[in-house]
Amino acid sequence: MREGKGFKSTFGFLMAAVGSAVGLGNIWGFPNKMGSNGGFAFLLIYLILAVLCGYVVMVGELALGRKTGKGAIETYQILSRRFKWLGWMATLSPFLILSFYCTLGGYCLKYVVLNFGNLIGASWGTNGLSGAEVFSTFMTNQSEGVIYGIVFLLLSVLIVMGGVRGGIERFCTVGMPALAVMLVVIIIRSCTLPGAAEGLKFMFMPNFEPLKENFFGVLATAGGQMFFSLSLGMGIMITYGSYLKKEDSITKNALTIMIFDTIVALMAGLAVLPAAFALDPNGSKGGPSLLFVTLQNVFDNMGPLGGVFGIIFYALVVLAAITSSISLLEVIVTHFTDVAAAKGKGDKRKAYSLIAALAVSALMVLVCLDGLGSNGLWVPGQKLVDGVWTITATFNDCWLDFLDMLSEGLMMPLGALFMCVMISLELKPRVVRDEVEASGHKMKIYGYFKVCVSVITPLLMLLVIGGQIREFFF
Ligand code: PHE
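Overview of the structure. Note that the coordinates shown come from a computational prediction; the quantities given were computed from them, not determined experimentally.

Membership of the largest hydrophobic core comes to 163 residues, with the highest contact counts inside it found for Leu49, Val59, Ile257, Leu291, Phe292, Phe313 and Tyr314. Apart from residues no more than four positions distant in its own chain, Val59 is found in contact with Ile250, Thr251, Ala254, Val432, Val436, Met443 and Phe449.

Right, here's the structure in full:
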């Protein structure tokens, strides 16, 4: 434990951890993946995976982090002989994710500005164009994309420079409750629109047809989404766990994080899907454009108040995205500050935060320039056909999809899978139990944890990884 540098209160820790978990994955990813994967069926599989895999991995990561009191790289180096390299993978994933996360965060910032333009009738509002037209114009405006991405990254780095307590905890303690309030406002608006009931039915009426049609597809998408949404398999919960106090209960905190994350994902579904069904019945209910095209159409159709709701909604997404991007940056920064502190050089947090952000910005600029594949940039795996770079599989549709495949598709589930193998075969599950019980309470779920971490979770994760590979490559 780094004296005086960890979280000041358990509430602060929870807000930061929930802040990390709740982000674009919940508000952008969950509704659109639920929309294109059969609604209720997706929800069901998601919940099962969260209980059998997500919770177990989260408890494992928090316990390992608190045990060593170090970031992901050192934690694996200290604890394991065979899995030392896992820490590096767990630090590379946040780097890749940040590059597209900040790009999307920048898009949300742009939409706050756009809706503000609508509110005051400025020429930089939607200006009578449809949601699809506005979005495609923005995607091909490369310099604008880069500028918004950089602004978003700068905001994140400023908070991380302030440290875990002064920056991250302070920001999340105010930001997360504010987010909940804004979300409720949007839900009330969305669910009271005429025609919203169709969207509610789609979400909650039991319907198992999609599972019969494409079980592996739904399983893989729900699995990837679950890891991403809970910030697992990439050193974040190890890093945040290392700042956790010994008297705090790991099992309770993990459960709280999971419940909040799921509630916010469902709330985002309630904010987005009923509105999409009500105001744009023929529009797309799934895919990445749901947030930027379908929803912007929804706000444009609301009359004069549309601008206000638009600003609230996209500001909310920016807020959620920032509390996640700071956790991604923190994984990288913690490693270097720990090393500097061990060499007696102070922690050099500010310098390392800036260096990390600079490194991220190199890849991020590429993702911004690509504009979700709108600008003809080459993506790894594409083939040259008649002088044009041509997509060969879903993973090389655009740079964002390629980096998403590497991180969410492969590195995160593999990271979590190997962590389970390390715990069950090398360390033995009792190491986690001892750390959990260091708070003075018995680990009541030890039997469940042991069976899951050694058998059920790894098996399910293998299925998810197999499904992801099939989705991305074939
Ligand atoms: N969990 C975050 C979300 O749902 C994204 C994230 C992934 C954050 C991985 C940190 C680590 O948007």
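On we go.
Once that is clear, we can look at the packing of helix α2 (residues 24–36) against helix α10 (residues 209–229). Axis separation between α2 and α10 bottoms out at 11 Å; the angle between their running directions is 170°. Between α2 and α10, the angle is such that the two are roughly antiparallel. Taken together, the residues of α10 that come into contact with α2 (itself represented by Gly25, Asn26, Gly29, Phe30 and Lys33) are Thr221, Gln225, Phe228 and Ser229. Within the contact of α2 with α10, the residues separate by chemical class into two nonpolar, six polar and one charged.

For helix α3 (residues 40–68), built from 29 residues, the straight-helix expectation of 42 Å at 1.5 Å per residue is met to within 8% by its first-to-last C-alpha distance of 41 Å. The largest bend in α3 comes to about 45°, at Ala50. In terms of burial, α3 is largely enclosed, as 23 of its 29 residues are buried. Once α3 finishes, Gly69 follows within two positions and takes phi at roughly 70°, a positive value.

Okay, the layout of surface pockets next. Its volume calculated, the largest pocket comes out at about 740 Å³. Looking at the largest pocket, it is lined by 30 residues, and the ones nearest its centre are Asn32, Lys33, Asp401, Asp404 and Phe472. When residues of the lining of the largest pocket are traced back to their parent elements, those giving at least two are α2, α5 (86–119), α10, α16 (399–427) and α18 (446–473). Here the element with the most residues in the lining of the largest pocket is α2; it accounts for seven residues. Broken down by class, the residue content of the lining of the largest pocket amounts to twelve nonpolar, twelve polar and six charged.

The environment of the ligand is formed by 15 residues, the closest being Ala21, Gly25, Tyr101, Phe228 and Met234. At 3.1 Å, a backbone N or O of Ser20 approaches a nitrogen atom of the ligand. Side-chain polar atom of Asn26 to an oxygen atom of the ligand: 3.1 Å apart, as the coordinates give it. The fraction of the free accessible surface of the ligand (320 Å²) that becomes covered by protein chains is 100%. Put simply, the ligand lies in the largest cavity. Sorting the residues of the shell around the ligand by element identifies α1 (10–21), α2, α10 and α14 (306–342) as the ones contributing at least two each. Grouping the amino acids of the shell around the ligand by side-chain chemistry returns seven nonpolar, eight polar and no charged.

The rules we used
- Residues numbered from 1 in each chain as written.
- Predicted model: local features only at pLDDT ≥ 70, side-chain atom pairs only at ≥ 80, totals over all residues.
- Heavy atoms only, no water.
- Core = buried A, V, L, I, M, F, W, Y, C linked by side-chain atoms within 4.5 Å.
- Buried < 20%, exposed > 50% of the residue type's maximum accessible area, 1.4 Å probe, protein only.
- Contact = heavy atoms within 4.5 Å.
- Axes fitted to C-alpha atoms, helices over the stretch in contact; angles between N-to-C directions.
- Helix = DSSP H or I, 4+ residues; strand = E, 2+ residues; numbered from the N terminus.
- Parallel < 35°, antiparallel > 145°, perpendicular 65-115°, else oblique.
- Nonpolar A, V, L, I, M, F, W, Y, C, P; charged D, E, K, R; others polar.
- Expected span 1.5 Å × (residues − 1).
- Bend = angle between axes of the 7 residues up to and from the residue.
- 1 Å grid on protein atoms, 1.4 Å probe; cavity = no way out; pocket = protein on both sides within 12 Å on 5 of 7 lines; lining within 4 Å.
- Points joined across faces, edges and corners; volume = space filled by probe spheres on them.
- Near = heavy atom within 4 Å.
- Polar contact = N/O pair within 3.5 Å; in protein donor to acceptor, adjacent residues only side chain to side chain.
- Areas by Shrake-Rupley, 256 points an atom, 1.4 Å probe, with all protein chains shown as cover.
- Sits in = over half its atoms within 2 Å of the grid points.

The quantities given are spatial measurements derived from coordinates; they are silent on function.
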